[in-house]
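The chain contents come next:
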Amino acid sequence: MTFAVPLFFFALYAGMFYLTKKSFKDAHTEVFIIDQQGDFANRLQSNKNVSYKKSQLPLQQQKQRLAQEQTKQAILYIPQDILTTQKAELITSGKTSFVTQEIISGQLEDIIREKEYKAKGIDLKLIQSIKPKVDIEAKEITADGEEKNSNTAIAMGIGVALAILVYLSLFLYGAQVMRGIIEEKSNRIIEVIISSVKPFQLMMGKIVGIGMVGLTQFVMWLVLTLGLFLVATTLFVNPQDIQEVAAGQPGAANMGTVSKAMGQGSSASILASIQSFNFTEVIVFFFLFFIAGYLLYSAIFAAAGSAVDNETEANQFSMPITMPLLLTYILSFGVIINDPNGPIATWLSFIPFTSPIAMLVRIPFGVPLWQILTSLALLILTFLLITWVAARIYRVGILIYGKKASFKEIIKWFNYKN
């Protein structure tokens, strides 16, 4: 299983890339132009996504023919007053492709713009000859007054990757602790085990044991997956194909900042930015926050597992437990990355239930050491408190059978004296 998961992720990555690339090829549309204005049809340029043909039929007959065709075809109706209304119609037999709409509307806008330039006596060739290109080399000043590369694009990529990894890891391994406890409880194995060890020792043994297995497995997954991606990307993937697939995505405009940042400068400058990035700090704090976050959430999952007899009943507790993680995970892709030092991101990185994700997303952007250590200390203290609370619930819950637990009942278990 340990070796199968990296292969699975690699196959998933390859499959997504292949299907995405194939979908763009299959999305080629043949567009029949009915140009009432008279001058647009000759200026529209076919490309790999759209091919234009002048329609030899009236509009109604072309519509009837379109309804009978099974291939990807469309009708572009350009009215006579398009220069004033700036409206045209794209008629298809099904839902119109978003990419196709963007390509056609972009070309029509260029044609209208050229005509307006000409009408106002503006030399279009002169405008097109002016193509300024400004390369902004982002720098940041350290506490010592030295300048270094900002590495914003790299920080964004690492921040997103860490958010995904930590969210999945905490949820999966925490749920594994809960399932293990439920299984032992439902099979009455716990009655035999509890005669030899104390409930607290049993709970901590399960948390630490699964945590160490998960951490070892996680490291192997990370190394093997990165190795497979690097080999596959180097040997089998054409960089131009990656750019084409990325550019064709509807959300490509939202990634303009990252693409521009990574696209500026030569390969040597990009490599220098990567080498200057403090990966050691990221890796060290990743493992610290991952371990502390895992211990915190595993203790909560252990308490929930001891309170129920099956996984169906556990669902009522799983949602409240995972809500802080889910909220932070969602905010990581927008709020935290866009403003890593803002008040929302800062407070989320101090709250123990959200800090395992929020702080790790912020660290690549540069966070004061005191904030990191404070967040880690709060996380560890909260883990100790939650472990104490979970142990008091666990010592009673693991021996309760056939009684549906509620929050009120769990509070009673917590208040029971030894």
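Calculation rules
- Residues numbered from 1 in each chain as written.
- Predicted model: local features only at pLDDT ≥ 70, side-chain atom pairs only at ≥ 80, totals over all residues.
- Heavy atoms only, no water.
- Buried < 20%, exposed > 50% of the residue type's maximum accessible area, 1.4 Å probe, protein only.
- Helix = DSSP H or I, 4+ residues; strand = E, 2+ residues; numbered from the N terminus.
- Pairing = 2+ DSSP bridges.
- Axes fitted to C-alpha atoms, helices over the stretch in contact; angles between N-to-C directions.
- Contact = heavy atoms within 4.5 Å.
- Core = buried A, V, L, I, M, F, W, Y, C linked by side-chain atoms within 4.5 Å.

- The protein chain carries the name ABC transporter permease in an unreviewed UniProt entry, which gives Sphingobacterium ginsenosidimutans as its organism.

With respect to the pairing of strand S1 (residues 29–35)
Argument step 1. Among the 7 residues of S1, 7 are classified as buried, and the element is accordingly described as predominantly covered.
Argument step 2. Residue alternation in S1 divides its side chains into two sets, Thr29, Val31, Ile33 and Asp35 and Glu30, Phe32 and Ile34, and both sets are buried.
Argument step 3. Note: S1 against strand S2 (residues 50–54), 5 bridges, orientation parallel. Note that in S2 the partner of threonine 29 across the bridge is valine 50.

What to know about the sheet that holds S1
Argument step 1. Read across the sheet, 4 strands follow the order S2-S1-S3-S4 without closing on themselves; strand pairing throughout is mixed. Each having just a single partner strand, S2 and strand S4 (89–92) make up the two edges of the open sheet. Neighbour-to-neighbour, the strand axes of this sheet turn through a mean angle of 30°, independent of strand direction.
Argument step 2. Of the strands in this sheet, S1, strand S3 (73–78) and S4 are in contact with helix H2 (residues 59–68), which crosses S3 at around 160°.
Argument step 3. Where helix H4 (residues 98–119) meets the sheet, it contacts S1, S2, S3 and S4, and its direction lies at approximately 60° from that of S2.

A closer look at the nonpolar core
Argument step 1. Within the largest apolar cluster, 70 residues are counted, with the highest numbers of intra-cluster contacts made by Met203, Ile207, Phe289, Tyr294, Tyr297 and Ile363.
Argument step 2. Secondary-structure elements contributing two or more residues to this core are helix H6 (152–186), helix H8 (199–235), helix H12 (279–306), helix H13 (311–338), helix H14 (343–350), helix H15 (355–362), helix H16 (369–397) and helix H17 (407–415).
Argument step 3. Here the element with the most residues in this core is H12; it accounts for 16 residues.
Argument step 4. Excluding residues within four positions of it along the chain, isoleucine 363 makes contact with Glu281, Val282, Phe285, Phe289 and Ile372.
Argument step 5. Counting 16 residues, the second largest nonpolar core, distinct from the first, contains Ile33, Phe40, Leu76 and Ile82.

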